[in-house]
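Structural overview for review
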Amino acid sequence: MAGPEDAYTAEPFVPRRGGLPALREAAAECRGCPLHRAATQTVFGAGKASARVMLVGEQPGDQEDRQGKPFVGPAGKLLDRALTDAGIDPADAYVTNAVKHFKFTRAEPRKRRIHKAPTLRETTACGPWLAAELDRVAPELIVVLGATAGKALLGSSFRVTQVRGTVLEEEIHGRPERLVPTVHPSAVLRADDRDGAYRGLVADLEIAARALG
């Protein structure tokens with residue numbers, strides 16, 4: 001018998017009413033795609049409903065999956081530093097991911113869990129959660145962190161290298177939004193020239209800070 005995850009949509013799990021706490025509670029029970037089976041828990045967005053800026057990444061990593069909070073691993077710490085250097089208070093940002101469950105592979109049992117990029121089908125399945133977060137927070141600006149988040153919000157033709165550090169105006173889930181795309185902080189950690197990559201991330205976030213005014 002097919003389970004709800006075979007439908008690849010979170011829609012039936014998303015409450016129509018209630019604020020972020022109601023969304024977070026409902027998301028903990030999401031079975032909208034098969035990723036929930038291997039993950040420890042749902043990792044929902046974090047921050048205040050009054051946040052002026054929403055940062056959208058790809059998916060939780062190993063640390064996030066264990067702790068149940070987004071951006072608490074090395075990439076999150078780097079992102080906090082970059083936001084601060086760009087003049088954005090991390091406490092004033094709402095942070096979330098396009099996909100709410102950690103997708104990973106293991107070379108062998110009990111070995112380290114290796115991050116695996118979500119498919120377009122998986123990001124689409126999780127789209128109703130992101131739409132609900134945008135509805136409740138209504139940010140003035142969305143910072144798009146990396147290619148997967150960009151494709152989830154702007155479609156499969158999105159290329160982060162072509163539009164990073166620019167202010168885009170697009171309709172997202174039926175709402176007019178302003179977006180500033182940049183690289184995912186994990187890409188900075190993997191870069192050969194980490195200092196140069198970090199400066200590039202900060203420069204993009206400074207454009208976001210100016211757009212916020």
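Residue numbering note: each chain is counted from 1, following its sequence as written. The predicted nature of this model means local features are confined to residues of pLDDT at least 70 and side-chain atom pairs, given and counted, to a pLDDT of 80 or more, with totals for whole chains, interfaces and linings taken over all residues. Only heavy atoms go into the side-chain values, all of them from the structure, while hydrogens and water stay out.

For the protein, the name recorded in an unreviewed UniProt entry is Type-4 uracil-DNA glycosylase, with Streptomyces coelicoflavus as its organism. Turning to the protein, the UniProt annotation filed under Sequence similarities (unreviewed entry) states: "Belongs to the uracil-DNA glycosylase (UDG) superfamily. Type 4 (UDGa) family." UniProt positions are given in the numbering used here, feature names are shortened, and annotations may be inferred rather than shown by experiment.

1. A short note on the pattern of salt bridges
By convention in these notes, a salt bridge is any Lys or Arg side-chain nitrogen within 4 Å of a carboxyl oxygen on Asp or Glu. Tallying each qualifying case throughout the model produces 12 salt bridges. The shortest N-O distance in the salt bridge between Arg-16 and Glu-11 comes to 3.4 Å. Look at Arg-16 and you get exposed, because its relative accessible area is 65%. The salt bridge involving Glu-133 is made with Lys-100; its shortest N-O contact spans 2.7 Å. Taken together, the positions of Glu-133 in helix 4 (residues 120–137) and Lys-100 in the loop between strand 2 (93–97) and strand 3 (104–106) put the pair 33 residues apart, joining distant regions of the chain. For the pair formed by Glu-133 and Lys-100, the shared burial category is buried. The structure contains a network of salt bridges with shared partners spanning Asp-62, Asp-65, Arg-66 and Arg-113. We call a residue buried when its accessible area falls under 20% of the maximum for its residue type, exposed when it is over 50%, and partly exposed in between, using a 1.4 Å probe and counting protein chains only. Segments assigned H or I by DSSP are reported as helices when at least four residues long, segments assigned E as strands when at least two residues long, and all are numbered from the N terminus.

2. Some points on the pairing of strand 1 (residues 53–57)
In terms of residue burial, strand 1 counts as a mostly covered element, since five of its five residues are buried. A two-sided burial pattern is seen for strand 1, the buried positions comprising Val-53, Leu-55 and Gly-57 on one face and Met-54 and Val-56 on the other. DSSP bridges decide pairing: two strands pair if at least two such bridges lie between them. Relative to strand 2, strand 1 runs parallel, the two being bridged by five bridges. Bridge pairing in strand 2 places Val-53 opposite Ala-93. Across four bridges, strand 1 lies against strand 5 (residues 141–145) in parallel orientation.

3. Section: empty space enclosed by the protein
The way it works is a 1 Å grid over only the protein atoms, where trapped points that fit a 1.4 Å probe form a cavity and open points with protein on both sides within 12 Å along at least five of seven lines form a pocket, and then any residue with an atom within 4 Å of a point lines it. Grid points are joined across faces, edges and corners, and a volume is the space filled by probe spheres set on the points. Enumeration according to the criterion identifies one cavity of 30 Å³ or more in this entry. By volume, the largest cavity amounts to about 100 Å³. Considering the residues around the largest cavity, the lining is formed by 14 residues, among which Cys-30, Cys-33, His-101, Cys-126 and Trp-129 are closest to the centre. Element by element, the count of residues in the lining of the largest cavity is highest for helix 4, at four residues. For the lining of the largest cavity, the per-class residue count stands at nine nonpolar, three polar and two charged. For this classification, the nonpolar set comprises Ala, Val, Leu, Ile, Met, Phe, Trp, Tyr, Cys and Pro, the charged set comprises Asp, Glu, Lys and Arg, and every other residue, Gly included, is treated as polar.

4. Some remarks on the packing of aromatic side chains
Whether two aromatic rings pair depends on their centres lying within 6.5 Å, for rings of Phe, Tyr and Trp, where Trp uses its six-membered ring; planes under 30 degrees apart make the pair stacked, over 60 edge-to-face, and the rest tilted. Counted by the stated rule, this structure contains two aromatic pairs. Relative to Trp-129, the ring of Phe-44 lies with its centre 5.8 Å away and its plane at 85°, an arrangement referred to as edge-to-face. Of this pair, Phe-44 sits in the loop between helix 1 (20–27) and strand 1 while Trp-129 is found in helix 4, placing the two residues 85 residues apart along the sequence. Counted as over-ring charges are cases with an Arg CZ or a Lys NZ within 6 Å of the ring centre that also lie within 35 degrees of the ring normal. Cation over ring: Lys-100 sits above Phe-44, and NZ or CZ is 5.6 Å from the ring centre. Over the ring of Tyr-8 we find Arg-121, and its NZ or CZ is 3.6 Å from the ring centre.

5. Re the sheet that holds strand 5
One open sheet accounts for five strands, arranged 2-1-5-7-6; its pairing is mixed. Looking at strand neighbours, the two that pair on one side only are strand 2 and strand 6 (168–172), the edges of this open sheet. The mean inter-strand angle of the sheet, taken between neighbouring strand axes irrespective of direction, is 35°. In the packing of helix 4 onto the sheet, contacts are made with strand 1, strand 2, strand 5, strand 6 and strand 7 (175–182), and the angle to strand 2 comes to roughly 170°. All axes are obtained by fitting lines to C-alpha atoms, using only the stretch in contact for helices, and the reported angles, taken between N-to-C directions, cover 0 to 180 degrees. Here, two residues are considered to be in contact whenever any of their heavy atoms come within 4.5 Å of each other.

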